Amino acid sequence: MLYELRIYHVVPGRMQELLDRFRDHTLKLFEKHDLKVTNFWLNADETKNQFYYVFEHTDQAAREKNFQAFLDDPEWLELVKRTESNGPLYEKIEEIYMNNAPFFQFA
């Protein structure tokens, strides 16, 4: 398995808009493109304006194929255009790719 941690540095004051977009639209598009999310988190320090989630991919090739299909989806492109008409919702996204540590097994 390949895990992808995505860290959004959200524009101050736009967190709720980003969360609403995920809840109402993005999750459905992720499912459509076989992008499995393990969980979502918000930074406990709200002043940091950070939103996190982890994708679970079978491998890097599956990640690239599925994520590119998501990015090219006309529904996603229209959603971004509509929800970012007043500017972007985030300043940047960090991506960290991870594999399980060999000494740890889930029960």
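Residues numbered from 1 in each chain as written. Predicted model: local features only at pLDDT ≥ 70, side-chain atom pairs only at ≥ 80, totals over all residues. Heavy atoms only, no water.

Per an unreviewed UniProt entry, the chain goes by NIPSNAP family protein and derives from Paenibacillus albus.

Undergrad: Would you take a moment to explain the overall build of the chain for this structure?
TA: When its secondary structure is counted, the chain shows three helices and four strands. Principal-axis analysis of the C-alpha atoms places the extent of the chain at approximately 45 × 35 × 20 Å. For the chain, buried positions account for 37% of its 107 residues. If you take every contact in the chain between residues at least 6 apart in sequence, the share linking residues at least 24 apart comes to 75%. Surface summary for the chain: the accessible area is close to 7000 Å², and the carbon and sulfur share equals 55%. (Helix = DSSP H or I, 4+ residues; strand = E, 2+ residues; numbered from the N terminus. Buried < 20%, exposed > 50% of the residue type's maximum accessible area, 1.4 Å probe, protein only. Contact = heavy atoms within 4.5 Å. Areas by Shrake-Rupley, 256 points an atom, 1.4 Å probe, with all protein chains shown as cover.)

Undergrad: Just checking my understanding: could you explain the sheet that holds strand β2 (residues 36–42) for this structure?
TA: Strand pairing in a sheet is mediated by backbone hydrogen bonds. Such pairs are either parallel or antiparallel. Strand order in this open sheet of four strands is β2-β3-β1-β4, and the pairing throughout is antiparallel. The open sheet is flanked by β2 and β4 (90–98), the only strands paired with a single partner. Recorded for the sheet is a direction-independent mean angle of 20° between the axes of neighbouring strands. Here β2 pairs with strand β3 (residues 50–57) via six bridges, running antiparallel. Bridge assignment links Val-37 to a residue of β3, and that residue is Phe-55. The strands touched by helix α1 (residues 15–32) within the sheet are β1 (2–10), β2, β3 and β4, with β3 carrying the most contacts at an inclination of about 15°. The strands that helix α2 (residues 60–72) touches are β1, β3 and β4; relative to β1, the one it contacts most, it runs at about 45°. (Pairing = 2+ DSSP bridges. Axes fitted to C-alpha atoms, helices over the stretch in contact; angles between N-to-C directions.)

Undergrad: Looking at this model, I keep getting lost on the nonpolar core. Mind explaining?
TA: Nonpolar side chains in soluble globular proteins generally cluster together in the buried interior. Counting 16 residues, the largest nonpolar core has Tyr-8, Leu-18, Phe-22, Phe-30, Phe-51, Tyr-53 and Phe-70 as its most contacted members. Of all the elements in the fold, those that place two or more residues in this core are β1, α1, β3, α2 and α3 (74–83). Looking at which element gives the most residues to this core, the answer is α1, with five residues. With residues up to four places along the chain from it excluded, the contact list for Tyr-8 reads Leu-18, Phe-22, Asn-49, Gln-50, Phe-51, Tyr-53, Tyr-90, Lys-92 and Ile-93. Within the second largest apolar cluster, five residues are counted, among which are Tyr-3, Leu-5, Ile-7 and Tyr-52. (Core = buried A, V, L, I, M, F, W, Y, C linked by side-chain atoms within 4.5 Å.)

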